[in-house]
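Here's the letter readout for the chains.
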Amino acid sequence: MKTGHRGCRPHIILYLRINSVSPGRELISNQEMKNMGAKLAVAVAVLLVSIPSLAQVEPAATAGRALPVKLSVGAGMDYWSGDWKDNNGDIYRWGPAVWATATIWHCLGVNAEGHSMIVGGNQGASNYKLFVGEGGLMCTMGYWGRFQPIYKGELGFASLSQPGNGTGHLHSTYSTWSVGGGAEYHTGGHWWTRVDFTYEAIPNFHSGVTNQNHTLNPRGVTFGETYRFGASGTRF
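Residues numbered from 1 in each chain as written. Predicted model: local features only at pLDDT ≥ 70, side-chain atom pairs only at ≥ 80, totals over all residues. Heavy atoms only, no water.

**Student:** Mind showing me how you'd approach unusual backbone geometry here?
**Tutor:** Excluding glycine, residues mostly have negative phi values, and the peptide bonds linking residues are mostly trans. For Asp83, which is not a glycine, the phi torsion comes out positive at approximately 55 degrees. Position of Asp83 relative to the elements: it lies in strand S1 (residues 70-86). Owing to a relative accessible area of 0%, Asp83 belongs among the buried residues under this scheme. (Helix = DSSP H or I, 4+ residues; strand = E, 2+ residues; numbered from the N terminus. Buried < 20%, exposed > 50% of the residue type's maximum accessible area, 1.4 Å probe, protein only.)

**Student:** Just to check I follow, could you spell out the pairing of strand S7 (residues 191-206) for this structure?
**Tutor:** Looking along a regular strand, one sees side chains alternate from face to face of the sheet. Taken together, the eleven bridges between strand S6 (residues 171-188) and S7 define a ladder with antiparallel strand orientation. Its bridge partner being in S7, Glu184 is matched across the sheet by Arg194. Connecting the antiparallel pair S6 and S7 is a turn made up of two residues, with Gly189 showing a positive phi of about 60 degrees. As judged from the nine bridges shared by S7 and strand S9 (residues 219-228), these two strands associate in the antiparallel manner. The residue of S9 that forms the bridge with Thr193 is Glu225. Sheet topology note: the S7/strand S8 (residues 213-216) ladder contains three bridges and is antiparallel. Across the sheet, Phe205 pairs through a bridge with His214, a residue of S8. The hairpin formed by S7 and S8 contains six residues between the paired strands, and Asn211 there has a positive phi angle of roughly 60 degrees. (Pairing = 2+ DSSP bridges.)

**Student:** Explain the environment of Thr234 here, please?
**Tutor:** With respect to the helices and strands, the residue Thr234 is situated in the segment after S9. Under the relative-accessibility criterion, Thr234 is labelled buried at 14%. With 164 residues separating them along the chain, Thr234 and Lys70 place their C-alpha atoms 8.7 Å apart. When residues no more than four places from it in sequence are discounted, the contact partners of Thr234 are Lys70, Trp192, Arg228 and Phe229. (Contact = heavy atoms within 4.5 Å.)

**Student:** Teacher, can you tell me more about the pairing of strand S3 (residues 108-117) here?
**Tutor:** Counting buried residues along S3, seven of its ten residues qualify, which places the element largely inside the surrounding structure. Here strand S2 (residues 89-105) pairs with S3 via seven bridges, running antiparallel. Bridge pairing in S3 places Ala102 opposite Val110. Count of turn residues in the S2/S3 antiparallel hairpin: two residues, of which His106 carries a positive phi of about 50 degrees. Here S3 runs beside strand S4 (residues 129-140); their pairing, made up of ten bridges, is antiparallel. Bridge pairing in S4 places Gly114 opposite Gly133.

**Student:** Looking at this structure, how should I read the state of the cysteines?
**Tutor:** The bond known as a disulfide is covalent and runs between the sulfur atoms of two cysteines. Per the counting criterion, the structure on display carries one disulfide. Between the sulfur of Cys107 and that of Cys139 lies a disulfide, 2.0 Å long from S to S. Handedness of the Cys107-Cys139 disulfide follows from its S-S torsion of about -110 degrees: it is left-handed. Here Cys107, found in the loop between S2 and S3, pairs with Cys139, found in strand S4; they are 32 residues apart in sequence, far enough to count as distant. Judged by relative accessible area, Cys139 falls into the buried class, the value being 12%. (Disulfide = S-S within 2.5 Å.)

**Student:** Is there a simple way to explain the nonpolar core in this structure?
**Tutor:** Soluble globular proteins tend to pack their nonpolar side chains together in the buried interior. In this structure, Trp84, Tyr128, Leu130, Leu160, Ile202, Phe205 and Leu216 are the most contacted members of the largest nonpolar core, which totals 14 residues. Looking at this core, the elements with two or more residues in it are S1, S4, strand S5 (147-161) and S7. If you look at the next biggest cluster of nonpolar residues, it comprises six residues, including Leu71, Ala100, Ala102 and Phe229. (Core = buried A, V, L, I, M, F, W, Y, C linked by side-chain atoms within 4.5 Å.)

Shown next, in the form of structure tokens:
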């Protein structure tokens, strides 16, 4: 579709704030964008700094026993397509990503993650900025050598700034859904390298070309490091 776009118990809480603007405003300011980027960077920093201390926590009630819920947290980078094409070509951008997973029963668990598209791209990409926060179910499959495949389905919200879609609103928030999959590779100790693909859907996005609502589909690859709590080399 071408319509202007191409169509334990330690607990860890990740919070992604999505800023909205009044209908009268067209673009979020540079200061607001810097603030959103700073908040995401702080979340990543807190996540990474917390890992060593949380890894040493083992409540007396569960000492020496496997935890019923297997926890992991991670951070990395996104490289996504914005599903948007202009006179400068397709828009691809980078951005930080964070995730946290609690595997509860067999392969099934709950996953929460944040994605972004805020860095790089072609000449027209600077007006395209995406922040996504979502959560849902993840299945971490059987152990193949040092690999464990992962599959996920999630719901969430997106904050999107774009060059213009004919509505006069260049920044809005949207509900989203996504599916994806990939694998984690046991790098060593508690650390696993994650590579996965996420296919995002932003329904009811208005196209300035057709003057109709369509589904915008940002998608791309995420890679980074996951820390699994529990015994070294824990398999989910």
